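A closer look at the structure
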Amino acid sequence: CCGDAQTVLHELQDVIFRQERQMRAVFKAMDHAGSKGVRAHELLRGLRSMGVSLGEGVDADAAASRLVARFDKNGTGQLELGEFIRMIQSDADRM
């Protein structure tokens, strides 16, 4: 009865754990200052180092600042890990 459900649950937990570990690694790589937060310039540098463009003809600095402002829920001017993960997991169509 429940053996298959248990197996599926464990597989799902493993997938989520790996995704969270990857997001933490990306966050840590972007946090150049070691401040436990990613500021707009660090986000932009990290995105560029991964080959991610914010769009053709876009003011990249302003776009990175808007992203940080959008997800910086506690008003520190940077994205802490939880905020960064929420940004990554957000639905871009609703932004």
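Please refer to the structure placed before this passage.
Reference entry: report on the structure contained in this document. (Residues numbered from 1 in each chain as written. Predicted model: local features only at pLDDT ≥ 70, side-chain atom pairs only at ≥ 80, totals over all residues. Heavy atoms only, no water.)

**Some details on helix H2 (residues 40–49)**
What counts here: Whether a residue is buried, partly exposed or exposed follows from its accessible area with a 1.4 Å probe, protein chains only, as a fraction of its type maximum: under 20%, in between, or over 50%, in that order. The way it works is that DSSP assigns letters per residue, a run of H or I at least four long becomes a helix, a run of E at least two long becomes a strand, and they are numbered from the N terminus.
For H2, the full list of buried residues reads Ala-40, Glu-42, Leu-43, Leu-44, Gly-46 and Leu-47. One or two positions beyond H2, positive phi appears at Gly-51, with a value near 80°.

**What about the nonpolar core?**
Going by this rule: For our purposes a nonpolar core is just a set of buried Ala, Val, Leu, Ile, Met, Phe, Trp, Tyr and Cys residues, chained together by side-chain atoms within 4.5 Å. The contact criterion used throughout is that any non-hydrogen atoms of two residues lie within 4.5 Å.
The biggest cluster of nonpolar side chains holds 15 residues, and the ones touching the most others in it are Met-30, Leu-43, Leu-79, Phe-84 and Met-87. Elements represented by at least two residues in this core include exactly helix H1 (3–30), H2, helix H3 (60–71) and helix H4 (81–89). Per-element tally for this core: the top contributor is H3, with five residues. In this view, Leu-79 contacts Phe-27, Lys-36, Gly-37, Val-38, Val-68, Phe-71, Asp-72, Phe-84 and Met-87; residues no more than four positions away in its chain are not counted.

**Here's the deal with the packing of aromatic side chains**
Inclusion rule: Aromatic contacts are taken between Phe, Tyr and Trp rings whose centres are within 6.5 Å, Trp giving its six-membered ring; a plane angle under 30 degrees counts as stacked, one over 60 as edge-to-face, and the others as tilted. Note on geometry: a ring has a charge over it if NZ (lysine) or CZ (arginine) is within 6 Å of the ring centre and within 35 degrees of the ring normal.
Counted under the stated rule, the structure contains one aromatic pair. Its guanidinium or amino end placed over the ring of Phe-71, Arg-70 lies 4.9 Å from that ring's centre, counting from NZ or CZ.

**So, H3**
In an α-helix there are 3.6 residues to a turn, and that puts residues three or four apart on one side. Condition: Expected span, for any helix, means 1.5 Å times one less than how many residues it has. Each direction from the helix axis to a C-beta atom contributes to the arc, which is the arc of those directions. Any pair of nitrogen or oxygen atoms within 3.5 Å is treated as a polar contact; in protein, a donor-acceptor pairing is required on top of that, and neighbouring residues in sequence qualify only through side-chain atoms on both sides.
The terminal C-alpha atoms of H3, which comprises 12 residues, lie 17 Å apart, in line with the 16 Å expected from a rise of 1.5 Å per residue. Those residues of H3 not exposed but buried are Ala-60, Ala-63, Ala-64, Leu-67, Val-68 and Phe-71. Down the axis, H3 shows its buried residues gathered within 135° of arc, on one side only. Exposed side chains of H3 directed beyond 90 degrees from the buried face belong to Asp-61, Arg-66 and Ala-69. Residues of H3 that are buried make contact with H2 and H4. Its side-chain oxygen at 3.3 Å from the backbone nitrogen of Asp-61, Asp-59 defines the N-terminal cap of H3.

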